[in-house]
There are 2 protein chains.
Amino acid sequence: MGRPSPDTKQILIDTALALIWMSSYGSVSVDDICKAAGVKKGSFYHFFPSKVDLAVAAMEHSYHEVKPLYDTIFSPDTPPLRRFERMMEVVVEKQTETLEKYGRVCGCSDTSLGCEMAGLEERIRVKFEELANRKKRYYENALRDMVAEGSLPPDTDVKAKAHEIFAYLLGQMTLARIQNDLGLLKRDLRPGLLGLLGIQDKAGSAS
Amino acid sequence: MGRPSPDTKQILIDTALALIWMSSYGSVSVDDICKAAGVKKGSFYHFFPSKVDLAVAAMEHSYHEVKPLYDTIFSPDTPPLRRFERMMEVVVEKQTETLEKYGRVCGCSDTSLGCEMAGLEERIRVKFEELANRKKRYYENALRDMVAEGSLPPDTDVKAKAHEIFAYLLGQMTLARIQNDLGLLKRDLRPGLLGLLGIQDKAGSAS
DNA sequence: AAAGTTCTTGACCGATCAGTCAAGCACGCA
DNA sequence: TGCGTGCTTGACTGATCGGTCAAGAACTTT
């Protein structure tokens, strides 16, 4: 099959993800990505038929990169409530990492891309939906386990509650991105999520 | 002072707000706005020194447009919990209106603009923060009234809870925008917010 | 070593981008 | 009536946009 594929494609995906995550899809040009990746534009279009295809590939890649972490956090070995608590810790950790790495709070790349482009590029909307559903499935499993162990009422609408948690997390991360500040995320993420789960916070700052 | 100002400036603001809200800041050009507004580009730059200035003016305008409604909803005449419930109803109503008007779910214009541009245009970030704080102040007042009437514990961190509610609402609206569907918003907005307030839903779908 | 495939390169395209400018026009005021 | 100011107009700029292409280089296979 001729020459084996070098990692040019992966470099383009990584570079694009970083640039778009930091700023936005519309403000990052194909030339910007190529320049930062040290790749000529002709090569770019050898691997990706369009800029949108690159963005979709970057979304998929970012999921596959965190999937092992999700599998660990939401392992059935862990008590379900502890899974959510661990997830919140990891969210803050990851945001702190990217803040140090990129010099600003970046929030969730899928959400930024989705919010900007969902109305203009159907494939980005579809990819967002797919990734969102995969993540919500982790929440649903944990919620079902909470119902099973009795820490959540048996008539709980698990899918609805997973969506609420997802929306809340997404909102907190989007606000952190816009304000470029992790302070409120660190302070308010936990009590709000416990509130959504109908659980009193031991620390007392939640209702 | 010569010729009195016609409403060209306001037409530009309205048009820009609609176009950017529907798609995004980056995908709407000054030419697009001018064409849709029936205004020549020279006139545009007579009123606004740059595209960003127009965006900031549009954000400010969108707030002033809904402010009377906020004042009504959060009037001290209304019981505080009822204020939040009314706000959720109005959010769904407004989203339904824009869906019919523009053919798609648009979410919150400030959030979309903020998420896309906060890292690139400081003035947009600052304006977002200003408007967000103004809105959160309505929530804080209502929460304080709930504490006063005893429906919320006296040690409630009112500012933190207002931020949680704001983040949750913003997340639900952003998701509705991306998915271009009001179904989940209509179904899940209310129980989640009641959960954040630590209140059982009479309808039973909340925890 | 020749043929075949994959990847790279750099020049190139028409369209569009945000923004400029000088001239003209319409109105309020004197 | 005529002057001054504010608004409009349309042509214009240089840069940049996403995307194309033909030719060649690098590597595998035969």
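(A) Focus on the interface of chain A and chain B. Each partner contributes to the interface: chain A provides 46 residues, whereas chain B provides 46 residues. Of the roughly 3,900 Å² buried between chain A and chain B, counting both surfaces, carbon and sulfur atoms make up 66%. Viewed at the interface, chain B and chain A are joined by zero salt bridges. One can count four residue pairs in polar contact (both at pLDDT 80 or more) joining chain A with chain B. Of all elements in the fold, only α6 (109-117), α7 (122-148), α8 (158-179) and α9 (183-196) of chain A reach the threshold of two or more residues within the side of chain A that touches chain B.

(B) Spatial organisation of the packing of helix α5 (residues 80-102) of chain B against helix α7 (residues 122-149) of chain B. All names here are of chain B. At their nearest, the axes of α5 and α7 sit 8 Å apart, and the two run at 145 degrees to each other. Contacts from P80, L81, R83, F84 and M87 in α5 reach Y139, N141, A142, L143, D145, M146 and E149 in α7. A breakdown of the residues in the contact of α5 with α7 according to their chemical character gives eight nonpolar, one polar and three charged.

(C) Molecular detail of α7(B). Here α7(B) spans 41 Å end to end across 28 residues, near enough to the 40 Å set by a 1.5 Å rise per residue. Phi for B:G150, located one or two positions after α7(B), is positive at around 90 degrees.

(D) Looking closely at unusual backbone geometry. Here the phi dihedral of A:N180 falls at roughly 55 degrees; this positive angle occurs in a residue that is not glycine. Here A:N180 shows up in the loop between α8 and α9.

(E) Quick look at the relation of the copies chain A and chain B. For the pair chain A and chain B, the relating rotation is 180 degrees, the translation along its axis is 0.0 Å, and the fit reaches an RMSD of 0.0 Å. Taken together, these values place the two copies in the relation of a two-fold axis. When you check the interface residues of chain A against chain B, 100% turn up at the interface there too, and the contact is symmetric in its surfaces.

(F) The arrangement of the pattern of salt bridges in detail. A complete count under the given rule lists 39 salt bridges over all chains for this structure. Measuring nitrogen to oxygen at the nearest pair gives 2.5 Å for the salt bridge that ties B:K127 to B:E60. With B:K127 in helix α7 and B:E60 in helix α4 (residues 51-73), this residue pair connects regions lying 67 residues apart in the sequence. Residue B:K127 shares its accessibility class with B:E60, and that shared class is buried. Each of the salt bridges in this network shares a partner with another, and the network as a whole consists of A:R82, A:E85, A:R86, A:E89, A:E93 and A:R190.

(G) Fine view of helix α2 (residues 30-37) of chain A. Residues and elements named next belong to chain A. Restricting attention to buried positions, one finds in α2 the residues V30, I33, C34 and A37. Summarising the axial view, the buried residues of α2 lie within an arc of 95 degrees, below the 170-degree limit, and thus occupy one face. Seen from the buried face of α2, the exposed residues on the opposite side, beyond 90 degrees, are K35 and A36. Looking at the packing, one finds that the buried side of α2 touches α1 (8-22), α3 (41-47) and α4 (51-73). Where α2 terminates, the next one or two residues include G38, which has phi positive at roughly 70 degrees.

(H) Fine view of the packing of aromatic side chains. Applying the stated criterion across every chain yields a total of 20 aromatic pairs over all chains. Each ring, one from B:Y70 and one from B:Y138, has its centre 5.1 Å from the other, and the planes form 55 degrees; the classification is tilted. In this pair, B:Y70 is assigned in helix α4 and B:Y138 in helix α7, connecting sequence segments 68 residues apart. Like B:Y138, B:Y70 is buried. Aromatic pair B:Y139 and B:F166: ring centres 6.3 Å apart, planes at 50 degrees, arrangement tilted. Placement of B:Y139 in helix α7 and of B:F166 in helix α8 (residues 158-179) is noted, with a sequence separation of 27 residues between them. Here the aromatic residues A:Y70, A:F74, A:F84, A:Y138, A:Y139 and A:F166 are joined through ring pairs into a cluster of three or more. Sitting over the ring of A:Y25, A:K51 keeps its end group 4.2 Å from the ring centre.

(I) Quick peek at empty space enclosed by the protein. Counted according to the given criterion, the structure contains four cavities of 30 Å³ or more. In this structure, the largest cavity encloses a volume near 70 Å³. A:S112, A:C115, A:E116, B:I20, B:S23, B:S24, B:Y25, B:S112, B:L113, B:C115, B:E116 and B:R177 together form the lining of the largest cavity. Broken down by secondary-structure element, the contributors of at least two residues to the lining of the largest cavity are α6 of chain A together with α6 (109-117) of chain B. Among the elements that line the lining of the largest cavity, the one with the most residues is α6(B), at four residues. Taken together, the residues that form the lining of the largest cavity break down as five nonpolar, four polar and three charged. Of the voids in this model, the second largest cavity is the one considered here, and its volume is about 40 Å³. If you trace the second largest cavity, you find it lined by A:I20, A:S23, A:S24, A:Y25, A:S112, A:L113, A:E116, A:R177, B:C115 and B:E116. Per-element tally for the lining of the second largest cavity: the top contributor is α6(A), with three residues.

(J) Summary view of the environment of A:D32. Residue and element names in this part refer to chain A. Tracing the sequence through the fold places D32 in helix α2. Given a relative accessible area of 37%, D32 falls into the partly exposed group. For D32, the contacting residues outside a window of four places in its chain are L19 and S27.

(K) The arrangement of the packing of α8(A) against α8(B) in detail. Closest axis-to-axis distance for the α8(A)/α8(B) pair is 7 Å, and the angle between their directions is 100 degrees. Relative to α8(B), the element α8(A) lies roughly perpendicular. Only B:H163, B:E164, B:F166, B:A167, B:Y168, B:L170, B:G171, B:Q172, B:T174, B:L175 and B:Q179 of α8(B) make contact with α8(A), whose side of the interface consists of A:H163, A:E164, A:F166, A:A167, A:Y168, A:L170, A:G171, A:Q172, A:T174, A:L175 and A:Q179. Of the residues in the contact of α8(A) with α8(B), the class split is ten nonpolar, ten polar and two charged.

Thresholds applied
- Residues numbered from 1 in each chain as written.
- Chains lettered and ligands numbered in written order.
- Predicted model: local features only at pLDDT ≥ 70, side-chain atom pairs only at ≥ 80, totals over all residues.
- Heavy atoms only, no water.
- Contact = heavy atoms within 4.5 Å.
- Buried area = accessible area lost by both parts, 1.4 Å probe.
- Salt bridge = Lys/Arg side-chain N within 4 Å of Asp/Glu carboxyl O.
- Polar contact = N/O pair within 3.5 Å; in protein donor to acceptor, adjacent residues only side chain to side chain.
- Helix = DSSP H or I, 4+ residues; strand = E, 2+ residues; numbered from the N terminus.
- Axes fitted to C-alpha atoms, helices over the stretch in contact; angles between N-to-C directions.
- Nonpolar A, V, L, I, M, F, W, Y, C, P; charged D, E, K, R; others polar.
- Expected span 1.5 Å × (residues − 1).
- Least-squares fit on C-alpha atoms with pLDDT ≥ 70 in both.
- Buried < 20%, exposed > 50% of the residue type's maximum accessible area, 1.4 Å probe, protein only.
- Arc of directions from axis to C-beta.
- Phe/Tyr/Trp six-rings, centres within 6.5 Å; stacked < 30°, edge-to-face > 60°.
- Lys NZ or Arg CZ within 6 Å of the ring centre and 35° of its normal.
- 1 Å grid on protein atoms, 1.4 Å probe; cavity = no way out; pocket = protein on both sides within 12 Å on 5 of 7 lines; lining within 4 Å.
- Points joined across faces, edges and corners; volume = space filled by probe spheres on them.
- Parallel < 35°, antiparallel > 145°, perpendicular 65-115°, else oblique.

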